Amino acid sequence: MPPFRFPGSVALVTGAASGMGEQMAYELARRGTDLVILDRDGERLADVEKALRAQSPGRSVDAVVADLSDLDSLGVVLDDVLERHPRIDLLINNAGIAFGGSFEQLSAKDFDAVMTINFTAPVDITRRLLPTLRRSHGAHIVNISSLFGIVAPPGQSAYSSSKFAIRGFTESLRHELAGHIGVTSVHPGGIKTRIAETAGSAAGATEKEIADGKATFARLLTYPADKAALRILDGVEKRKGRVLIAASAFSVDALARLFPASYYAVMRRGM
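Because the structure is predicted, anything quoted here is derived from the model rather than measured. (Residues numbered from 1 in each chain as written. Predicted model: local features only at pLDDT ≥ 70, side-chain atom pairs only at ≥ 80, totals over all residues. Heavy atoms only, no water.)

### As for the pairing of strand β2 (residues 34–39)
For the record, the criterion: Classification of residues uses two cut-offs on accessible area relative to the type maximum, computed with a 1.4 Å probe and protein chains only: under 20% is buried, over 50% is exposed, and between them is partly exposed. Helix and strand definitions follow DSSP, with helices as H or I runs of at least four residues and strands as E runs of at least two, each counted in order from the N terminus. Pairing between strands is defined by DSSP: at least two bridges between them are needed. Classification remark: right-handed applies to a crossover when, strands pointing away from the viewer, the course from the first strand over the helix to the second runs clockwise.
Burial of β2 is extensive: six of the six residues sit out of reach of the surface. Burial along β2 is two-sided: the face carrying D34, V36 and L38 and the face carrying L35, I37 and D39 are both buried. The pairing of strand β1 (residues 10–14) with β2 spans five bridges and is classified as parallel. Pairing of T14 across the sheet is with L38, part of β2. Following the chain from β1 across helix α1 (residues 19–30) to the adjacent parallel β2, one finds a crossover that is right-handed. Relative to strand β3 (residues 61–65), β2 runs parallel, the two sharing five bridges. In the sheet register, L38 faces β3, and the bridge partner there is V64.

Written out as structure tokens, the structure reads:
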């Protein structure tokens, strides 16, 4: 496919109130793209909308408060979005949550909540937007997986399950839509976002386990979100099927290929 053209395009970005979603929104506006930005945090989203209008006054910005955990209301929201924006050229499924704790500690409700927001909702959004994306010439879909969509460490059963699932969906979709719509799977490693701050914890975990887990997670998050946004959008422009971000993603990807069944034991020896 030819390179993706940002000027004059319309992009829908979920999880746009902070982190990579926010930074991608700013960069898309700088590249001449009109925006539909979604997030459940209405206050932060309003701040991002205000910043976008100040930075790029010529761009259209439609800020939509949406909770991806409520699929019924999400469907209504998306129907309204499509009425206002019958043309969408770029879909970026970026929103996600983390939830720490062993599988035995996690309740079924918590596990399902992670799967809904990180996997089921992006699939539903893609399904609903696919007809309008097909009508666009040279559309593109981006799904944010994770480093934990390549490896699955202990204590991340729900998060890794969701991120492996979105990776599998994205790769299958890429092959189905080849030549018509570009599809990119993104695997960030250690991006500096609010995900550790907002991560949930299993009810069965002790306070120390929760604090230690969040502290460990936060220490890994060092790669700037704005640099990650640039790498993702450059990947879109070049129609890359897969984008790895940060040195940790490349090293862990190589480790998983070399030691598919024992990579975690190797990783622990290097800790």
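### Brief notes about the side chain of T14
Spelled out, the test is: Counting of polar contacts relies on pairs of N or O atoms within 3.5 Å, with two restrictions inside protein: one atom must be capable of donating a hydrogen and the other of accepting it, and residues adjacent in sequence are counted only when both atoms are side-chain atoms. Between two residues, a contact is recorded if the distance between any of their heavy atoms is within 4.5 Å.
Position of T14 relative to the elements: it lies in strand β1. A polar contact is formed between the side chain of T14 and the backbone nitrogen of N94, at a distance of 2.9 Å. Apart from residues no more than four positions distant in its own chain, T14 is found in contact with L38, I92, N93, N94, A95 and I125.

### Considerations on the sheet that holds β3
Inclusion rule: Note on geometry: axes are lines fitted to C-alpha atoms, helical ones only across the stretch in contact, with angles between N-to-C directions running from 0 to 180 degrees.
Taken together, seven strands build an open sheet; the order of strands is β3-β2-β1-β4-β6-β7-β9 and the sheet is parallel. Edge positions in the sheet fall to β3 and β9 (242–245), since each has one partner strand and no second. Mean inter-strand twist for the sheet, computed between neighbouring axes without regard to direction, equals 15°. Looking at chain direction, β1 and strand β4 (residues 90–93) are connected through three bridges and run parallel. Within the sheet, the bridge partner assigned to V13 lies in β4 and is I92. Its contacts with the sheet place α1 against β1, β2, β4, β6 (140–144) and β7 (182–188), and it is angled at close to 170° to β2. Lying on the sheet, helix α2 (residues 42–55) is in contact with β2 and β3; it crosses β3 at an angle near 175°.

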